[in-house]
Amino acid sequence: RLDIKEIKSAESNAAIVAQMIAEALIKSESQKRNVQVTAEEIESEYQKFILQYGGEENINAALSAQGVNPADFKEQIRMQTMIKKMFSNVQISDDEIKKYIEQNKEQYAEATDPAKLQTDVRAELEQQKITTDFRSWLQESLKSSRVVQF
């Protein structure tokens, strides 16, 4: 008879394996596409998080609360930057931006700078498309014969 701890442990192990497979696929694909992420890019993104959290002490506390150390977090930044570079060929039209703002006007009711609003919405829509393209690619890659599921 299985108890809850064994079930949760099995689920956790399956999630770890799935993440490891995804990371291996991303690394392999980035090599094929000649996509590289420099240490400077990683550090630049890390510094943005430090500013966002109000200092290195605060980000370290937030990471620690999630059981993540700074080196692992920087690896996550590297993977995310790699994904962004691999799928960054998305195009957002002005009509898409206008439509999105119209559909979400309550969210942007207090926006005072139309140019900044357009820039922010473009970035948000680009990120959504990158995420969608990445997830589609990952699902197809997982279905391929390169990945054997147990």
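Residues numbered from 1 in each chain as written. Predicted model: local features only at pLDDT ≥ 70, side-chain atom pairs only at ≥ 80, totals over all residues. Heavy atoms only, no water.

## Quick notes on the environment of serine 144
Here serine 144 is to be found in the segment after helix 6 (114-143). A residue is classified by how much of its surface remains accessible, and serine 144, at 25% relative accessible area, is partly exposed. Polar side-chain contacts of serine 144 include one of 2.8 Å to the backbone oxygen of serine 141. (Helix = DSSP H or I, 4+ residues; strand = E, 2+ residues; numbered from the N terminus. Buried < 20%, exposed > 50% of the residue type's maximum accessible area, 1.4 Å probe, protein only. Polar contact = N/O pair within 3.5 Å; in protein donor to acceptor, adjacent residues only side chain to side chain.)

## Examining the packing of helix 5 (residues 94-103) against helix 6
Remark: helix 5 packs on helix 6, axes separated minimally by 10 Å, with the N-to-C direction vectors making an angle of 100°. For the element pair helix 5 / helix 6, the angle class is roughly perpendicular. The segment helix 5 lies against helix 6, with Asp94, Glu96, Ile97, Tyr100 and Ile101 engaging Leu117, Gln118, Val121, Arg122, Glu124, Leu125, Gln128 and Lys129. Across the contact of helix 5 with helix 6, the residue classes break down as six nonpolar, two polar and five charged. (Axes fitted to C-alpha atoms, helices over the stretch in contact; angles between N-to-C directions. Parallel < 35°, antiparallel > 145°, perpendicular 65-115°, else oblique. Contact = heavy atoms within 4.5 Å. Nonpolar A, V, L, I, M, F, W, Y, C, P; charged D, E, K, R; others polar.)

## Digging into the pattern of salt bridges
Evaluated as defined, the whole model comprises eleven salt bridges. Through salt bridges with shared partners, a single ionic network connects Lys27, Glu75 and Arg78. (Salt bridge = Lys/Arg side-chain N within 4 Å of Asp/Glu carboxyl O.)

## Details of the nonpolar core
Counting residues in hydrophobic clusters, the biggest one holds 23 residues, and the most contacted among them are Ile26, Phe73, Phe87, Phe134 and Trp137. Where this core is concerned, the elements lending two or more residues are helix 1 (4-32), helix 2 (39-52), helix 3 (56-65), helix 4 (70-86) and helix 6. With six residues, the top contributor of residues to this core is helix 4. What tryptophan 137 contacts, discounting residues up to four positions off in sequence, is Leu25, Ile26, Glu29, Arg33 and Phe87. Counting residues in each nonpolar core, the second largest holds eight residues, with Ile97, Tyr100, Leu117 and Val121 among its members. (Core = buried A, V, L, I, M, F, W, Y, C linked by side-chain atoms within 4.5 Å.)

## So, the confidence of the model for the protein chain
Across the protein chain, the average pLDDT comes to 88, with 89% of residues at 70 or higher. Least confident of the elements in the protein chain is helix 1, whose mean pLDDT is 80; most confident is helix 2, at 96. (pLDDT = per-residue confidence, 0-100.)

## With respect to the side chain of glutamate 29
With respect to the secondary-structure elements, glutamate 29 resides in helix 1. Of the residues examined, glutamate 29 reaches a relative accessible area of 12% and is grouped as buried. Those residues in contact with glutamate 29 that lie beyond four places of it in its chain are Met86 and Trp137.

## Looking at the layout of surface pockets
Unoccupied space between atoms shows up once a probe the size of one water molecule is rolled over them. The calculated volume of the largest pocket comes to roughly 470 Å³. Ile77, Gln80, Thr81, Lys84 and Gln127 are, among the 18 residues lining the largest pocket, the residues nearest its centre. Taken together, the elements giving at least two residues each to the lining of the largest pocket come down to helix 2, helix 4 and helix 6. Class assignment of the residues belonging to the lining of the largest pocket gives a composition of seven nonpolar, seven polar and four charged. Counted as a void, the second largest pocket has a volume near 300 Å³. (1 Å grid on protein atoms, 1.4 Å probe; cavity = no way out; pocket = protein on both sides within 12 Å on 5 of 7 lines; lining within 4 Å. Points joined across faces, edges and corners; volume = space filled by probe spheres on them.)

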